[in-house]
Amino acid sequence: MDLAKTRIFGRQTSVFSHSHDGGGRIWLLHETFMGTLQAAWGISVSGTTMFRLTKKLQHTKSVLKEWNRVQFGHVQDTVNSSRHTLQQIQLGLQNDPLHQSLMMAEKEERRRYEEALAREQEIMSQKARMSRLQEGDKISKYFYAQFAARKSHNTL
């Protein structure tokens, strides 16, 4: 079953057809994500269409949870560790500013640090988006209840 375009309940759909307003961009930008996703989804399952879909979704979820833990771990720990390493390298450069291997190590560690900060920012924006959506659901329920109460009051 092709992941990019697949048929579910007779409709052509794509796992990437919807906009990603902060949901999943970290994963989509990672170089091993698509291979991991395709391998997880590519398992062979026998049974009815709904059973196969359910089993594939369950398997893919468990594989992606483990992949996320291995690839990203605890983002805050990664940021702190990278910041500390970068500071240590920069202290070494203060003592010997022309040291080539320290300059290359600083460049590489700065890249890692910036990637970790970008991941942290993305996760924070995802969490903020989820909070806004959940809060919006609560507000919508409140206004719908008010509307229903007014409607029932007006029909009496």
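Before reading on, note that the structure itself is shown above.
Residues numbered from 1 in each chain as written. Predicted model: local features only at pLDDT ≥ 70, side-chain atom pairs only at ≥ 80, totals over all residues. Heavy atoms only, no water.

(A) View of the packing of aromatic side chains. Under the definition given, this model contains two aromatic pairs. Ring geometry for W67 against F72: centres 5.6 Å apart, planes inclined by 90°, an arrangement best described as edge-to-face. With respect to burial, W67 and F72 carry one shared label: buried. An aromatic cluster of at least three residues, connected via ring pairs, comprises F33, W67 and F72. (Phe/Tyr/Trp six-rings, centres within 6.5 Å; stacked < 30°, edge-to-face > 60°. Buried < 20%, exposed > 50% of the residue type's maximum accessible area, 1.4 Å probe, protein only.)

(B) Looking closely at helix α3 (residues 49-72). Here α3 spans 33 Å end to end across 24 residues, near enough to the 34 Å set by a 1.5 Å rise per residue. Looking only at α3, the buried set comprises L53, K56, T60, L64, W67 and F72. One or two steps after α3, the chain reaches G73, where phi turns positive at roughly 55°. (Helix = DSSP H or I, 4+ residues; strand = E, 2+ residues; numbered from the N terminus. Expected span 1.5 Å × (residues − 1).)

(C) Seen up close, the layout of surface pockets. Roughly 280 Å³ of volume is contained in the second largest pocket. Taken together, eleven residues line the second largest pocket, and the ones lying closest to its centre are I26, L29, H30, F72 and R119. The biggest single contributor to the lining of the second largest pocket is helix α5 (residues 100-155), with four residues. A per-class count over the lining of the second largest pocket returns four nonpolar, two polar and five charged. (1 Å grid on protein atoms, 1.4 Å probe; cavity = no way out; pocket = protein on both sides within 12 Å on 5 of 7 lines; lining within 4 Å. Points joined across faces, edges and corners; volume = space filled by probe spheres on them. Nonpolar A, V, L, I, M, F, W, Y, C, P; charged D, E, K, R; others polar.)

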